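# Geometric and topological summary
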Amino acid sequence: MAICGYRTGVIQDASRSNWQNNAARPIAWSAWYPAEDIDERKRSSGQFFESGDVIWNAALVPKKKLPVVLLSHGTGGTAESLGWLARALADEGFVVLGANHHGNTGLEPHLAEGFLCWWERATDLSVLLSSIGTSGFFANKLDFSQVSAVGFSLGGYTVMALLGAQTSLEEFEIWRRENEITAGGPKEFPDAADSIPTLMETSEAFRASWARHGHDYSDVRIKSVIAIAPAPPIRSFVPLSIAELQLPVIILTGGADNEAPSEHCADWLVSLNDRFQHHELGRHVGHYTFLEFPSDKSLIGKVDIFSDHESVNRSKVHEQAADIATQSLRRTVINGEA
């Protein structure tokens with residue numbers, strides 16, 4: 001097994017303000033990558049999610065250019081929540097760049113704006129790729145012709161937007177009304193929508209973001225995407241924009257996902273575009289089965305995000321998902337197959 005390097009940092013996107021409207025938008029990032037072989041190994045610690053065997057700030061393998069996977073976490077989460085997949089991809093020779101989305105990440109206080117303005121996430125990944133790939137540790141080491149994106153839950157919405165799916169809040173409201181969905185946000189922030197009138201009145205940053213929700217957030221550098229348990233905000237996509245997507249899309253789901261039920265989310269995507277490949281990884285696999293294990297093992301089975309059906313082996317599901325992902329990315333990104 002290859003050695004996995006790991007490092008973190010923060011960049012600033014000067015083209016957008018933070019939600020406080022007093023500085024540039026921050027993009028905290030985490031990276032996993034194939035590292036040079038050294039004798040001393042160091043296990044990461046002190047995080048909410050298990051980090052596995054990684055070497056902090058290790059040297060990059062001496063190769064001219066490396067393929068890239070952009071990573072988008074779920075609602076209120078962190079890039080490390082998908083560490084199991086990031087390490088597997090790094091083992092296959094990919095540099096994995098995960099953004100922690102401002103206002104919607106566990107690294108900072110949750111903000112209604114971050115839970116309402118989903119479209120900002122796609123720009124986070126595009127800006128991160130451009131910035132990390134041209135300055136600092138990874139400068140001139142990333143192959144911009146071999147880039148893909150993987151997202152979990154709301155991250156599934158993010159990567160589809162990067163591919164060219166267009167957002168319409170009107171579409172989302174139609175779906176909500178037809179299905180009698182009254183919640184104003186996910187369970188991590190169920191009353192987020194109650195903040196809209198106040199934010200419209202008081203926040204310039206929010207008004208500016210809300211006005212650009214329907215913009216095109218596609219990034220031509222993205223060659224394929226993997227959406228893991230894509231969440232209900234995908235129902236804001238204009239159906240025609242999904243039907244017209246030509247690049248490879250892999251969708252991974254669990255049959256017992258109550259947070260992002262397939263009939264409303266993954267199945268809907270597949271019904272619009274028969275080129276998409278959908279893999280269900282087990283009828284008892286839940287939404288949070290796709291999250292990393294906690295660093296505090298006492299939480300397993302006691303907290304909903306670390307609890308699985310008795311028949312589900314989370315490690316095995318991770319192995320199966322990682323295998324599908326790596327095979328897909330080798331085929332579509334490395335070999336350039338459709």
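So, here's what we can say about the structure.

## Some points on the nonpolar core
Membership of the largest hydrophobic core comes to 65 residues, with the highest contact counts inside it found for Leu70, Leu97, Phe138, Met160 and Phe237. Ranked by the residues each element gives to this core, the list is headed by helix α4 (residues 154-163), at seven residues. Here Phe138 is in contact with Arg7, Trp29, Ala31, Tyr33, Leu60, Val95, Leu97, Ile132 and Gly133, once residues within four sequence places are set aside. Judged by nonpolar contacts, the second largest core, of 38 residues, contains Cys4, Val150, Val285 and Phe306.

## Details of unusual backbone geometry
Here Ser153, not a glycine, exhibits a phi torsion of approximately 60 degrees, which is positive. Counting through the fold element by element, Ser153 comes out in the loop between β6 (142-152) and α4. Even without being a glycine, Glu180 presents a positive backbone phi close to 55 degrees. Under the relative-accessibility criterion, Glu180 is labelled exposed at 70%.

## Here we look at the sheet that holds strand β5 (residues 95-100)
Within a sheet, each strand pairs with its neighbour through backbone hydrogen bonds, oriented either parallel or antiparallel. A sheet is described by the order of its strands in space; here nine strands give the open sequence β3-β1-β2-β5-β4-β6-β7-β8-β9, paired in mixed fashion. The open sheet has two edge strands with one neighbour each: β3 (55-56) and β9 (277-280). Taken together, the five bridges between β6 and strand β7 (residues 222-228) define a ladder with parallel strand orientation. What sits directly across from Val147, in β7, is Ile222. Set on the sheet, α4 makes contact with β4 (66-72), β6, β7 and β8 (249-253); between it and β6 the angle comes to about 145 degrees.

## Observations concerning empty space enclosed by the protein
Applying the stated criterion to the full structure yields one cavity of 30 Å³ or more. Here the largest cavity defines a volume of roughly 40 Å³. The residue inventory of the lining of the largest cavity, partitioned by class, reads three nonpolar, three polar and three charged.

## Looking at the packing of helix α1 (residues 83-91) against helix α10 (residues 314-334)
Running from N to C, α1 and α10 point in directions that differ by 45 degrees, and their axes come no closer than 10 Å. Taken together, the axes of α1 and α10 lie oblique to each other. Every pair of crossing elements has a handedness; the one defined by α1 and α10 is right-handed. Contacts from Trp84, Leu85, Ala88 and Leu89 of α1 reach α10 at His318, Ala321, Ala322, Ala325, Thr326 and Leu329.

## Structural notes on the packing of aromatic side chains
In the structure shown here, the tally under the stated rule is 16 aromatic pairs. When the centroid spacing of 4.8 Å and the interplanar angle of 85 degrees are considered together, the rings of Phe137 and Phe138 count as edge-to-face. A relative accessible area of 33% places Phe137 in the partly exposed class. Among the residues examined, Phe138 registers a relative accessible area of 1% and is labelled buried. Connected via pairs of aromatic rings, a cluster forms that spans Trp118, Trp119, Tyr157, Phe172, Trp175, Phe206, Trp210 and Phe237. Sitting over the ring of Phe137, Arg7 keeps its end group 3.5 Å from the ring centre.

## Some remarks on the packing of helix α3 (residues 120-134) against α4
Relative orientation of the contacting elements α3 and α4 amounts to 65 degrees, with a least axis distance of 8 Å. Our classification of the angle between α3 and α4 gives roughly perpendicular. For the pair α3 and α4, the sense of crossing is right-handed. Every residue of α4 that contacts α3 at Arg121, Ala122, Leu125 and Ser126 is listed here: Leu154, Gly155, Thr158, Ala161 and Leu162. Tallied by class, the residues present in the contact of α3 with α4 amount to five nonpolar, three polar and one charged.

Reading the values: rules and limits
The residue numbering used here restarts from 1 in each chain and proceeds along that chain's sequence as written. Local features in this predicted model are restricted to residues of pLDDT 70 or higher, and side-chain atom pairs are both shown and tallied only at a pLDDT of 80 or more, whereas totals for entire chains, interfaces and linings draw on every residue. Side-chain measures were taken over the full set of non-hydrogen atoms in the model, leaving aside hydrogen atoms and water. To define a nonpolar core, start from buried Ala, Val, Leu, Ile, Met, Phe, Trp, Tyr and Cys residues and group those joined through side-chain atoms within 4.5 Å. Here's how the labels work: a residue is buried when its accessible area is under 20% of the maximum for its type, exposed when over 50%, partly exposed in between, all with a 1.4 Å probe on protein chains only. Each helix is a run of H or I in the DSSP string that is no shorter than four residues. Each strand is a run of E no shorter than two, and both are numbered from the N terminus. Pairs of residues are marked as contacts when any of their non-hydrogen atoms sit within 4.5 Å. Between any two strands, at least two bridges found by DSSP are needed for them to pair. Lines fitted to C-alpha atoms define the axes here, with helix axes fitted over just the stretch in contact, and angles between the N-to-C directions of these axes take values from 0 to 180 degrees. Grid points spaced at 1 Å over the protein atoms alone were grouped into cavities, where a 1.4 Å probe fits but cannot get out, and pockets, open sets with protein on both sides within 12 Å along at least five of seven lines, with lining residues defined by an atom within 4 Å of a point. Grid points are joined across faces, edges and corners, and a volume is the space filled by probe spheres set on the points. Only Asp, Glu, Lys and Arg are considered charged, only Ala, Val, Leu, Ile, Met, Phe, Trp, Tyr, Cys and Pro nonpolar, and every remaining residue, Gly among them, polar. Should an angle fall under 35 degrees it is taken as roughly parallel, and over 145 as roughly antiparallel, whereas 65 to 115 is taken as roughly perpendicular and any remaining angle as oblique. Handedness of a helix crossing follows the sense of rotation of the near helix relative to the far helix, less than a right angle counterclockwise being left-handed and clockwise being right-handed. Stacked, tilted and edge-to-face pairs are distinguished by plane angle, under 30 degrees for stacked and over 60 for edge-to-face with tilted covering the rest, among Phe, Tyr and Trp rings (Trp via its six-membered ring) whose centres lie within 6.5 Å. Criterion for a charge above a ring: Arg CZ or Lys NZ at most 6 Å from the ring centre, at most 35 degrees from the ring normal.

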